[in-house]
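Coordinates in review
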Amino acid sequence: MKRPGLLFILGVCVLAAAGPALAQGELPSRAELGEGWNWLQPGGETTCSDGSPYQFAVREGSGEDLLIYFEGGGACWDSLTCSFPIGTGLPAQFFVPQVPPGINPAAFAGIFELANRDNPVKDWSFVYIPYCTGDVHLGSVQRQYFNAGNPLLGQLTSFPIRHRGFDNFMAVLAWVTGTFRAPQSILVAGSSAGAYGAMGNFPWIAEAYPNAHHYVVGDAGQGVNTPAFDTGQPGRNSWNPQLAPWVFGGDVNAIDGIDIARIVAAAYPRAKFSQFTTYLDTTQIGFYSVMKQAYGPGGSCSNAAIDWNQQMLAGLDQTQDEGNFRSYLAAGTYHTILRSPQVYTEASAGIRFSTWLDRMLKNMGGTNGQGGQWFNAACPGCTMPLPCQ
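Residues numbered from 1 in each chain as written. Predicted model: local features only at pLDDT ≥ 70, side-chain atom pairs only at ≥ 80, totals over all residues. Heavy atoms only, no water.

1. Some remarks on the overall build of the protein chain
Using the following cut-off: Numbering goes from the N terminus for both helices and strands, where a helix is a DSSP run of H or I of at least four residues and a strand is a run of E of at least two. C-alpha atoms define the radius of gyration, and 2.2 Å times the number of residues to the power 0.38 defines the globule rule. Categorising residues by exposure relies on relative accessible area from a 1.4 Å probe, with only protein chains included: less than 20% of the type maximum marks a residue as buried, more than 50% marks it as exposed, and the intermediate range marks it as partly exposed. The contact criterion used throughout is that any non-hydrogen atoms of two residues lie within 4.5 Å. For the purpose of counting charges, residues Lys and Arg are taken to be positive, whereas Asp and Glu are taken to be negative. His and the chain ends are not included. To locate a charge, the coordinates of NZ of Lys, CZ of Arg, CG of Asp or CD of Glu are taken.
The helix and strand tally for the protein chain stands at 10 helices and 11 strands. By the compact-globule yardstick of 21 Å for 389 residues, the protein chain fits well, its C-alpha radius of gyration being 20 Å. Along the first, second and third principal axes, the C-alpha set of the protein chain runs to 55 × 55 × 45 Å. Taking all 389 residues of the protein chain together, 56% fall into the buried category. In the protein chain, the proportion of contacts linking residues at least 24 apart, taken out of those at least 6 apart, comes to 73%. If the 20 positive side-chain charges of the protein chain are averaged to one point and the 28 negative ones to another, these points end up 5 Å apart.

Right, here's the structure in full:
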């Protein structure tokens, strides 16, 4: 399928961003940005899942390199998962419904530690894309769900969820492309749900900046789903996911979640792609367990943790066939690394993660997947799947 040109993409973005609440032209130019982090509200059709205003953050660096970061925060796709947002204090919590008041990227660790001399992106400009739509940044629809037992909803029997993550992203991209005209390098990264946003939305960024050097990091989002979830409504189709048709084709149901990274890496062979995960990520396993119970059967092993582990490793093995892809497989069960101090301490795969990331950004990966100092790193024994029991 023919790829859209830059003018087409910008036209879509401007339409998404324009509206009575705040027009695109009212956002500041690059010269008007203040020192440190700037919060911008694009208005128009942008929104969080509960209807509250959407906003994103920008910080200008000292050079011409740009990092676009997609925030994580769960997901929801049916009446059960959408009835229980994060922050309620209830036992079940699935997604973030609004941009949290007082959120400050300057307080984050990991790649946001801009005074850390070991941070390979400390001098880059940052665009921070919050996540409040329950759709892994890919949705473009409003759905009505029924209260599945959340006492905080009171007598409310049904409620809307605005799955507008893709629409929010396109509004942000409209401002970014008009503000950062010609970055030399672009790192597109995301954690948890944001990992899917980074991989799934990368084609739009790549087409908007065809002359930049491109890098993508998916942090703790391996895409291990059940087939019924990937093709169902309820399921992934609850979001009306907007995957670039020139990369993924016209049938979203034909794309397994675990294949998204491989497909986009194959479509952009000159870009560098990577994934980070721990061997038994309990958060990813928890969401997969919900899918396996409600949208099964999933893999052949009835134990959700082992099933996830087996499928995660099989997916990595396939994606590693792409010469421009590498993975970092760490020991343990923790979830996400990019906003954590472990960026600088994680070394269970034989190399510090910060060093591994730096080598990616310095194009030290050898030729067509062979040789080089940026390699598929894994903790000892971690490439062996757990036996079903």
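2. Quick word on the pairing of strand β8 (residues 213–219)
In plain terms, the rule: Here is how to tell: hold the view so the strands point away, follow the path from the first strand over the helix to the second, and if it runs clockwise the crossover is right-handed. Pairing between strands is defined by DSSP: at least two bridges between them are needed.
Of all 7 residues in β8, 6 are buried, a share of seventy percent or more. Between the parallel pair strand β7 (residues 185–191) and β8, the chain is carried across by helix α4 (residues 193–208), and the sense of this crossover is right-handed. In the sheet, β8 pairs with strand β9 (residues 272–278) via 5 bridges, with the strands oriented parallel. Bridge assignment links Asp219 to a residue of β9, and that residue is Phe276.

3. Some words on the packing of aromatic side chains
Test applied: Aromatic rings from Phe, Tyr and Trp, taking only the six-membered ring of Trp, are treated as a pair when their centres fall within 6.5 Å; an angle between ring planes under 30 degrees marks them as stacked, one over 60 as edge-to-face, and anything in between as tilted.
Under the defined criterion, the tally for this structure stands at 29 aromatic pairs. Both rings, one in Trp37 and one in Phe112, keep their centres 6.3 Å apart while their planes meet at 40°; by these two values the pair is tilted. Residue Trp37 is located in strand β1 (residues 37–40), and its partner Phe112 is located in the loop between α2 (79–82) and β4 (125–129); the two are separated by 75 residues in the primary sequence. Just as Trp37 is buried, Phe112 falls in that class too. Centroid distance Phe108 to Tyr128: 5.7 Å. Interplanar angle 35°. Geometry classified as tilted. With Phe108 in the loop between α2 and β4 and Tyr128 in strand β4, this residue pair connects regions lying 20 residues apart in the sequence.

4. Some details on the sheet that holds β7
As a reminder of what qualifies: To define axes, lines are fitted to C-alpha atoms, for helices over the stretch in contact only, and angles between the resulting N-to-C directions are given on a 0 to 180 degree scale.
Strand order across the open sheet formed by 9 strands is β1-β2-β4-β3-β7-β8-β9-β10-β11, with mixed pairing between neighbours. This sheet does not close on itself; its edge strands, each paired only once, are β1 and β11 (377–378). The sheet strands contacting α4 are β3 (66–70), β7, β8 and β9, and the helix crosses β7 at an angle near 150°.

5. Description of the environment of Arg181
Short version of the rule: Polar contacts, as used here, are pairs of N or O atoms within 3.5 Å; protein pairs need one atom able to donate a hydrogen and one able to accept it. Residues neighboring in sequence count only if both atoms are side-chain atoms.
Here Arg181 is to be found in the loop between α3 (165–179) and β7. Put simply, Arg181 and Tyr209 are 28 residues apart on the chain and 8.5 Å apart in space, counted from C-alpha to C-alpha. Reaching out from Arg181, the side chain makes a polar contact with the backbone oxygen of Gly178 at a distance of 3.2 Å.

6. Structural notes on the confidence of the model for the protein chain
Let me state the cut-off plainly: As a per-residue measure, pLDDT reflects the predictor's confidence and takes values from 0 up to 100.
Summary statistics for the protein chain give a mean pLDDT of 93 and a share of 93% for residues scoring 70 or more. Mean pLDDT across the secondary structure elements of the protein chain bottoms out at helix α1 (residues 6–17), with 35, and peaks at β3, with 99. Counted against residues more than four places away or in other chains, residues 6–25, with its pLDDT under 50, gives 37 contacts.

7. Focus on α4
Put simply, the rule reads: One less than the number of residues in a helix, times 1.5 Å, gives the span that helix is expected to have. Here the bend at a residue is taken as the angle between two axes, fitted respectively to the seven residues that end there and the seven that start there.
Along its 16 residues, α4 runs 23 Å from first to last C-alpha, staying within 8% of the 22 Å computed at 1.5 Å per residue. By the largest-angle criterion, Phe202 marks the main kink of α4, which is about 45°, and a proline, Pro203, follows within four residues. By the criterion of burial, α4 is predominantly enclosed, with 15 of the 16 residues buried.

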